[in-house]
Amino acid sequence: MSLELNEISKNFKDDKVLDRVSLYVPEGKTLVLFGPSGAGKTVLLRLISGVIEPDEGHIKISGMDVDGVEPEDRNIGMAFQNFALFPHMDAHANIASPLTAQKKDKSAIQAGVQSLAKLLKIDHVLKHKPKELSNGQKQRTALARALAGKPKILLLDDPLRNVDAKLRFEMRLELPNLLYEQNATVIYVTQDYKEAMAFGDQIAVINGGVIQQIGTPEAIYLTPANVEIARLFGDPVINLLDVTLQKDASGVFALISEKRIDLDASYASVVGLECCLGIRPESVLFVDRDHKSAVPVTVEAETPLNEKTVNLCLTARGREIMASRPSGTQGPAGGEAFVAIEAASAMIFDKQTGALIETNSTDISERGKVT
Amino acid sequence: MQTTGTLERVLRGLAITAIILFFMFPILWIFLMSFQTNETILRVPPSLFFEPTLVNYKALISGRLEGSTATLEIAFMSNLFNSLFLSVTSVTVGLILGVPAAYAFARLKFRGSEDIAFTLLSFRFAPPLLVLLPLTIYFQKIGLADTYGGLIWVYQLIVLPLILWIVRGYFEDIPADIEYAYRIAGHGFWATFRKIALPLAGPGIAAAGLLAFIFAWNNFIFALVLASADKQPVTVGALAFITASGINYGQIAAGIMLSIAPTFALALYAQRYLVEGLSLGAVKG
């Protein structure tokens, strides 16, 4: 079943929580709702589940308007961030609750709960009350409960938020398969960009009750709609350098430590404007002194992060640049080094508004390539 | 516990003894009085040693008070029954009306809900005497005076606000997400109320019911004005012990022992629920 949100607005008293939010999730696809706390993600899920009603706008499930349809009639599964297990029922009864609502007979309920519990590795704690479960077991119980009714729409509200790092890592690997097997339309809320990138067919970035960008994980990473989104996606954080674009006979360029960074000719329209040059740390390469656009830097620090190593560098004017490279590759020899910036993957943002200045070349795959 | 010194333990023991004496001594004294005759009670100085007698209890249960000059008929046992009947039915009616109302006030924020809830609470602020006179006149007009039904109705003034406000707090303490989860799982509004809200607020409902029972049991003024002898509870009935020939302390003590017995037993039984409290371990570790 597809899910469509059309110009949804919701106010609590005078506080505008959601402002004309529109979304479309095709059947069987996963949309990740990504944004900081207080962005309106949880409210959006509650609206979809029907426990609260929007002030304006319409929600459609399979093209059918669900205005005024009670939550129990929407065939939705939801896992809450705080688990929201029924404290007076054991794990078995918790997981079985959608099945009892469907008036399934005892053996069907038993079989349904058992198979899910086995899949999620909680079959040994089914007799336990929620307060006797560990956080990881609670999380799995909540997930099993959401899945038990075989809902066609699954809402997962930051389900990995309250679990420890090890389990989160495991679940990040297991969840996509599990969701795929359910063949449900999924909305997955998270504040973790790695989860967002891993799970989403599409990512919707929401902030202050407004959808700021919707796109594939790749598109969000490579062409973030504004500086804020660029900062949120990526670790280490994107380098942002204040520049003013210039133009001469050979094309458009920006200057960093007197070195030319040649940019796409379509940026000609913003020459003279104060801009932010955004460069992912992995697009900053250490090069020899005689490279044609070698920017001299001082290497301040080196942080090995297992699969990659991050160097913090300072330009002659004291601007910080982070460079990330696969661990084991040749790094800078000492304090003085040279970096080259891959102009093709650079992004230009308007300094005033923070908005991305789009080039004519919209082909994302081209931009991502390392030259 | 290993580290507590002897001195500390002795001091703590003394403090606990002092507190127990302070609170329990009156009850103990009444208990002892109930096994004495007026003569032994009133002797100076009072003594802990006396010949125990069951004459007071006998008089109460048989309903015949043997005075020095005459025999007095008292209706203590029927008073006790009245108390029990009035309190139990009042609390039952109060729970049936109050619990769903408390849920509505806790969960369904409608226009004026706060005002209505506060108005109901304000019944507890007004001195009962204020409403009693008009109430008596009305009750006589519509034939409710001196009926159990009328008394139970008036008792709602005591019972209902108490239940409403205590139980409402317990309902509000249940995280809304737990109820939402049950709805989304496919259960209707009433199923959610019965299977989630009621059990989770159970200790609160028990506590409110118990408190309401005690308040109803201890009520004096409504029953004094609105009920005649055959409908009177023990609180009013105890007035009969103040006779022309003197105050029968022994019977009063025995009457007190008998009349606190039900509330005492109830408190002991319900203590488990009261202490248990809400254990919502499922939300956040």
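Summarised in this report is the structure supplied together with it. A quick note: this is a predicted structure, and the numbers were derived from the prediction, not measured.

A few points about the interface of chain A and chain B
Then, number 1: Contacts between chain A and chain B engage 28 residues on the former and 23 residues on the latter.
Then, number 2: A combined buried area of about 2,200 Å² lies between chain A and chain B, and 65% of that area is made up of carbon and sulfur atoms.
Then, number 3: Considering only the surface of chain A that becomes buried against chain B, Glu72, Asn82 and Pro87 of chain A emerge as the three largest contributors, covering 24% of it.
Then, number 4: For glutamate 70 of chain A, the salt bridge is made with arginine 183 of chain B, and the minimal N-O distance between the two is 2.6 Å.
Then, number 5: Our count for the chain A to chain B interface comes out at 6 residue pairs in polar contact (both at pLDDT 80 or more).

A look at helix 3 (residues 55-62) of chain B
All names here are of chain B.
Then, number 1: For helix 3, the set of buried residues is Asn56, Tyr57, Ala59 and Leu60. Projected down its long axis, helix 3 carries its buried residues within an arc of 160 degrees, all on one side. For helix 3, the exposed residues lying more than 90 degrees away from the buried face are Lys58, Ile61 and Ser62.
Then, number 2: Within two residues after helix 3, glycine 63 carries a phi angle of roughly 85 degrees, on the positive side.

Description of the sheet that holds strand 15 (residues 274-279) of chain A
All names here are of chain A.
Then, number 1: An order of 11-15-21 is seen for the 3 strands of this open sheet, with the pairing classed as antiparallel. The open sheet terminates on both sides in strands that have one partner only, identified here as strand 11 (239-244) and strand 21 (347-350). Adjacent strand axes in the sheet meet at a mean angle of 35 degrees when their direction is disregarded.
Then, number 2: Where strand 15 lies against strand 21, 4 bridges are found, and the strand directions are antiparallel. Residue pairing across strands places cysteine 275 opposite aspartate 350, the latter belonging to strand 21.

Observations regarding unusual backbone geometry
All names here are of chain A.
Then, number 1: Following aspartate 235, the chain continues into proline 236 via a peptide bond in cis, with omega recorded as 0 degrees.
Then, number 2: With respect to the helices and strands, the residue proline 236 is situated in the loop between helix 8 (227-232) and strand 11.
Then, number 3: Although it is not a glycine, glutamate 7 adopts a positive phi angle of roughly 50 degrees.
Then, number 4: Mapped onto the secondary structure, glutamate 7 falls in strand 1 (residues 3-12).

So, how was this worked out
Residues numbered from 1 in each chain as written. Chains lettered and ligands numbered in written order. Predicted model: local features only at pLDDT ≥ 70, side-chain atom pairs only at ≥ 80, totals over all residues. Heavy atoms only, no water. Contact = heavy atoms within 4.5 Å. Buried area = accessible area lost by both parts, 1.4 Å probe. Salt bridge = Lys/Arg side-chain N within 4 Å of Asp/Glu carboxyl O. Polar contact = N/O pair within 3.5 Å; in protein donor to acceptor, adjacent residues only side chain to side chain. Buried < 20%, exposed > 50% of the residue type's maximum accessible area, 1.4 Å probe, protein only. Helix = DSSP H or I, 4+ residues; strand = E, 2+ residues; numbered from the N terminus. Arc of directions from axis to C-beta. Pairing = 2+ DSSP bridges. Axes fitted to C-alpha atoms, helices over the stretch in contact; angles between N-to-C directions.

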